[in-house]
Each structure stands twice: as C-alpha cells, then as structure tokens.
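# Summary of structural features
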Amino acid sequence: MIDTVFLNGTVGAGKSTIAAALSVLMTESGRHHAVIDLDHIRRAWPTPEGDRFNHELELLNLRDLVVNYRNAGIEHFVLAGVVEQATEVPRYEAALKSRGLLLCRLDTDGATLIRRLSLRHADNPTELAWHLRRAGELAAVLQRAAIYHVVVDASGDAPMATAREVMHCGSFYDQCWATFAGKIWHESEHHEIQRTLFLPRTSAMRAHFDV
Ligand SMILES: Nc1ncnc2c1ncn2[C@@H]1O[C@H](COP(=O)(O)OS(=O)(=O)O)[C@@H](OP(=O)(O)O)[C@H]1O
Ligand SMILES: Nc1ncnc2c1ncn2[C@@H]1O[C@H](COP(=O)(O)OP(=O)(O)O)[C@@H](O)[C@H]1O
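Residues numbered from 1 in each chain as written. Chains lettered and ligands numbered in written order. Predicted model: local features only at pLDDT ≥ 70, side-chain atom pairs only at ≥ 80, totals over all residues. Heavy atoms only, no water.

You'll find the protein chain entered in an unreviewed UniProt entry as Adenylyl-sulfate kinase, with Cryobacterium flavum given as the organism.

Rendered as structure tokens:
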C-alpha cells in the first residue's frame with residue numbers, strides 16, 4: 001500500500017509546487033499527511049567532501065522527523081526532492097518506515113524550465129546561471145537513470161491538475177502494489193507494463209481517487 005509519494009525531478013521541475021498542491025488534495029480527502037521539502041532539511045554549510053548536496057544529513061534528518069510525525073498521527077508523506085540512483089530508494093523507505101513509496105518523476109519541458117527559473121532567480125544572475133546549468137545536467141542524469149514508477153508532465157500552468165494526475169497514478173499503483181511489490185520499473189519494462197496495465201487506469205483510478 002502506498003503511503004508516500006516522492007516527487008523527483010530536475011531543478012525547477014515543480015516538485016515543491018506540486019507537493020503543496022498534493023497536500024490540498026490529501027487534506028480534502030481526509031488523509032493525515034505531512035509534506036517534507038527535502039531541500040529544507042539538507043540546507044547547511046559547509047557540506048562534507050564528496051557529498052555536495054548533504055544527502056547523508058538529509059536522510060538522518062528525515063528519519064528523526066518521521067518519528068515525530070508518526071507519533072503525531074501522520075500516516076502519509078509527500079516528499080519533494082532528488083533521487084539520482086535506484087539504490088537510494090530503499091534508504092528513503094527505511095528512513096520513512098514506509099510500506100509503499102511511489103516514485104514519481106515530474107518532467108517539464110525545457111522552455112518552461114527556463115522561464116520558471118528565470119522568474120524564480122530574477123534577482124540573482126549567478127544563482128540563475130547555476131540553476132539553469134544544473135537543471136540541464138540533472139534532467140539528463142534522471143533520464144539516463146530511468147528510475148520511477150510513473151512520469152507525470154508538469155509543464156502545465158495548473159499545479160492542481162498536475163497533482164490530480166499524480167494522485168490518479170498513485171491510486172493505480174496502489175491497486176497492483178501487492179503484485180509488483182513496489183518494484184521500480186526501468187524504461188523498457190515500463191513500456192511493456194504500460195501497454196498491459198495502464199489501460200484500466202482511468203476508470204479504476206478515478207473511482208478510487210477523484211476529488
Ligand atoms: N542530487 C541532488 N540532491 C539534492 N538536490 C539537488 C541534487 N541535484 C540538484 N539538486 C538541486 O540543487 C538545487 C540547489 O539547491 P539549493 O539552492 O538549496 O542549494 S544548496 O544545495 O543548498 O547549496 C535545488 O534546486 P531546486 O530543486 O530548484 O530547489 C536542488 O533540488
Ligand atoms: N504549474 C506551475 N505553473 C506555474 N509556475 C509554476 C508551476 N510549477 C512551478 N512553478 C514555478 O516554477 C518555479 C519552480 O518550481 P518549484 O516548485 O520551486 O520547483 P522545484 O521544487 O522542482 O525546484 C517556482 O517559482 C514555481 O512557482
């Protein structure tokens with residue numbers, strides 16, 4: 001059973017924005033949940049050598065936060081962050097004590113990414129240049145790694161619509177989680193499974209998750 005949605009994606013893809021929109025949907029459907037923006041719990045300086053994004057500190061912080069959230073009755077988590085390698089997924093699951101983590105990659109087209117980042121970093125050209133460069137670099141890394149359960153297009157201007165699409169996908173995977181035991185599909189397998197399993201998605205998901 002899925003209790004966590006991890007929004008993965010390149011810099012500026014819309015992870016934080018869609019996480020906030022998912023929180024609205026989860027509130028409306030009565031799910032006790034917490035949103036954790038992983039950027040916020042790894043921001044510290046200096047960073048250890050060989051871990052420029054403070055990944056290890058992020059996982060330690062996550063583990064401790066989750067204890068508090070769970071003690072407070074939280075059962076579902078929405079994470080916004082970056083997973084570059086499949087080997088990191090079980091580490092997140094362990095930190096969260098998750099019974100099912102849906103890894104959702106948000107894809108945003110290049111022109112939209114540039115527009116969003118240019119707005120977000122309008123006051124700092126150095127920051128803008130860093131984020132634009134890293135956005136392209138990380139998008140390529142994530143494409144190559146091809147680790148996800150679902151990919152959702154986040155180029156649109158309506159975050160709630162994108163969040164609904166994520167929820168629909170989550171519902172679909174919830175229904176076949178026992179069969180696939182959370183397996184993350186690589187690109188080739190994914191297309192095969194999409195052909196056979198994505199067909200009942202619309203009606204099954206809508207019935208379950210529509211808000
Ligand atoms: N591997 C990996 N792990 C974590 N984060 C990653 C990674 N690669 C890139 N990013 C993205 O880098 C962006 C820079 O983060 P910050 O501006 O917070 O700077 S800093 O990391 O604190 O120095 C920030 O971009 P945004 O997603 O736009 O916020 C991070 O998400
Ligand atoms: N659907 C959207 N429509 C319009 N602007 C968006 C949308 N999604 C994100 N943005 C804007 O784009 C920028 C990057 O989004 P953000 O959620 O911060 O991405 P990430 O967390 O992946 O870096 C932000 O300034 C945000 O307000």
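Quick look at helix α1 (residues 15-28) now. Since one α-helical turn is 3.6 residues long, residues separated by three or four positions face the same way. In this model α1 runs 20 Å from its N-terminal to its C-terminal C-alpha over 14 residues, within 8% of the 20 Å that 1.5 Å per residue would give. Restricting attention to buried positions, one finds in α1 the residues Lys 15, Ile 18, Ala 19, Ala 21, Leu 22, Ser 23, Leu 25 and Met 26. Two residues or fewer past α1, Gly 30 is found with a positive phi of approximately 75°. (Helix = DSSP H or I, 4+ residues; strand = E, 2+ residues; numbered from the N terminus. Expected span 1.5 Å × (residues − 1). Buried < 20%, exposed > 50% of the residue type's maximum accessible area, 1.4 Å probe, protein only.)

With four of its five residues buried, strand β2 (residues 33-37) lies for the most part within the structure. Both β2 and strand β3 (residues 76-80) contribute to a ladder of five bridges, which runs parallel. Across the sheet, the residue bridging to Val 35 is Val 78, located in β3. Since β2 and β3 lie parallel, the crossover through helix α2 (residues 55-71) that links them has a hand, and here it is right-handed. (Pairing = 2+ DSSP bridges. Right-handed = clockwise from strand over helix to strand, strands pointing away.)

The pLDDT averaged across the protein chain works out to 86; a share of 83% of its residues lies at or above 70. Considering only residues more than four positions removed or in separate chains, one finds that residues 191-211, a stretch of pLDDT under 50, has 33 contacts. The ipTM value of the predicted complex is 0.91, and its pTM value is 0.88. (pLDDT = per-residue confidence, 0-100. Contact = heavy atoms within 4.5 Å.)

This part is about the site of ligand 1. Neighbouring residues of ligand 1: 14 residues in total, closest Asp 39, Arg 43, Glu 84, Arg 120 and Arg 134. A distance of 3.4 Å separates an oxygen atom of ligand 1 from a polar backbone atom of Gly 12. Within the side chain of Asp 39, one N or O atom sits 2.8 Å away from an oxygen atom of ligand 1. Isolated, ligand 1 exposes 620 Å² of accessible area, and the fraction of that covered by the protein chains is 80%. A total of four residues in the shell around ligand 1 trace back to one element, the largest contributor, which is helix α5 (residues 125-145). Split into classes, the residues belonging to the shell around ligand 1 amount to five nonpolar, two polar and seven charged. (Near = heavy atom within 4 Å. Polar contact = N/O pair within 3.5 Å; in protein donor to acceptor, adjacent residues only side chain to side chain. Areas by Shrake-Rupley, 256 points an atom, 1.4 Å probe, with all protein chains shown as cover. Nonpolar A, V, L, I, M, F, W, Y, C, P; charged D, E, K, R; others polar.)

Bringing the pattern of salt bridges into the picture now. Per the stated rule, a full pass over the model turns up nine salt bridges. With its nearest N and O atoms 3.8 Å apart, the salt bridge here joins Arg 52 to Glu 137. Of the two residues, Arg 52 sits in the loop between β2 and α2 while Glu 137 sits in helix α5, which places them 85 residues apart along the sequence. In this structure, the salt-bridge partner of Glu 137 is Arg 134, at a minimum N-O distance of 2.5 Å. Note that Glu 137 and Arg 134 are positioned in helix α5 at a spacing of three residues, about one turn of the helix. A residue is classified by how much of its surface remains accessible, and Arg 134, at 5% relative accessible area, is buried. (Salt bridge = Lys/Arg side-chain N within 4 Å of Asp/Glu carboxyl O.)

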